[in-house]
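The primary structure of each chain is shown beneath.
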Amino acid sequence: MRFFARPRALLAPLVLLFPLLGGCVAVVAAGAVATGSSVHDRRGVGTVIDDKRIQLGAYDELNKDKQLVLQNRVMIAVYNGVMLLMGEVRTPELKQRAERIVTGFEGVHRLVNEIDVMEPEGFWSGRNDNKITARVKLALADATSVPGFDVTRVKVSTAHRTVYLMGLVSHEEDEIVTEMARNVPGVERVIKVFEYAQQ
């Protein structure tokens, strides 16, 4: 199992150094703003921080395998301790290799490997996927039929026109969000990796 220093544990000594940081204060302030975006998140602030720590650590491990990184496309998303792998690799062995590399991170209670074995589609496909993700997020911002729904509770990722939805949602939110994502232009498939909030 891999262990990483938790950012929260490092925060207290950092506060004591504020007078010495000068221009570095802007970086800390930016982090505080990012944490503020989790106000409507059903995860605790600590979990939000841990998810980002896990994602960065997993990418760091994955980037050590140059063949896997440079000749294929593997993306990682983490939400509430669920790690999702997606993208394209050329062989089943590479798919399993990617999973082995990121297995064992502290705080991950479920790993979902949705990497497709296929020829990676390249830069322009990735650009198109980013546009689809933006369209889906914009569509979900209009999910006014669910009282109290906040679009920041759903993490949207896209790989070769397949949209992946993660989040801590109700069953009603699941149905509405999934249907809205399916109707966004350019989306060919929607895969749900939801967990369900207690009502």
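This report concerns the structure included in the present document. On a predicted model such as this, the values are computed, not experimentally measured, just so you know.

1. Quick notes on the packing of helix α4 (residues 45-62) against helix α6 (residues 92-102)
Look at α4 against α6: their axes get within 9 Å of each other, and the N-to-C directions meet at 125°. Relative to α6, the element α4 lies oblique. As α4 packs across α6, the resulting crossing turns out to be right-handed. Contact with α4, carried on its side by Ala58, Glu61 and Leu62, involves Ala98, Ile101 and Val102 of α6 and no other residues of that element. When grouped by side-chain class, the residues that make up the contact of α4 with α6 number five nonpolar, no polar and one charged.

2. Brief notes about the side chain of Ser125
Within the element layout of this structure, Ser125 appears in helix α7 (residues 123-140). Among the polar contacts listed, one links the side chain of Ser125 to the side chain of Glu121, at a separation of 2.7 Å. Every residue in contact with Ser125, bar those within four places of it in the chain, is listed here: His160 and Arg161.

3. A closer look at unusual backbone geometry
Look at His160: it is not a glycine, yet its phi comes out positive at around 35°. Among the structural elements, His160 can be located in the loop between β5 (154-159) and β6 (162-169). What makes His160 buried here is its relative accessible area of 6%. Of note in this structure, Arg161 is not a glycine but carries a positive phi near 70°. Mapped onto the secondary structure, Arg161 falls in the loop between β5 and β6.

4. What about the environment of Tyr79?
Locating Tyr79 in the fold gives a position in strand β1 (residues 73-79). On the basis of relative accessibility, which here comes to 3%, the residue Tyr79 falls in the buried class. In the structure, Tyr79 is positioned 88 residues away from Gly167 in sequence and 6.5 Å away in space, judged by C-alpha atoms. Within the structure, Tyr79 has its side chain in polar contact with the backbone oxygen of Arg153 (distance 3.4 Å).

5. Considering the environment of Tyr164
Mapped onto the fold, Tyr164 is located in strand β6. Classification of Tyr164 as buried rests on a relative accessible area of 0%. Each C-alpha atom, one on Tyr164 and one on Met86, is 8.7 Å from the other, the two residues being 78 residues apart in sequence. Each residue touching Tyr164, except ones within four places of it in the same chain, is listed here: Leu84, Met86, Glu114, Asp116, Lys155, Val156, Ser157, Ala159, Arg189 and Ile191.

Calculation criteria
- Residues numbered from 1 in each chain as written.
- Predicted model: local features only at pLDDT ≥ 70, side-chain atom pairs only at ≥ 80, totals over all residues.
- Heavy atoms only, no water.
- Axes fitted to C-alpha atoms, helices over the stretch in contact; angles between N-to-C directions.
- Helix = DSSP H or I, 4+ residues; strand = E, 2+ residues; numbered from the N terminus.
- Parallel < 35°, antiparallel > 145°, perpendicular 65-115°, else oblique.
- Left-handed = near helix turned anticlockwise from the far one by under 90°.
- Contact = heavy atoms within 4.5 Å.
- Nonpolar A, V, L, I, M, F, W, Y, C, P; charged D, E, K, R; others polar.
- Polar contact = N/O pair within 3.5 Å; in protein donor to acceptor, adjacent residues only side chain to side chain.
- Buried < 20%, exposed > 50% of the residue type's maximum accessible area, 1.4 Å probe, protein only.

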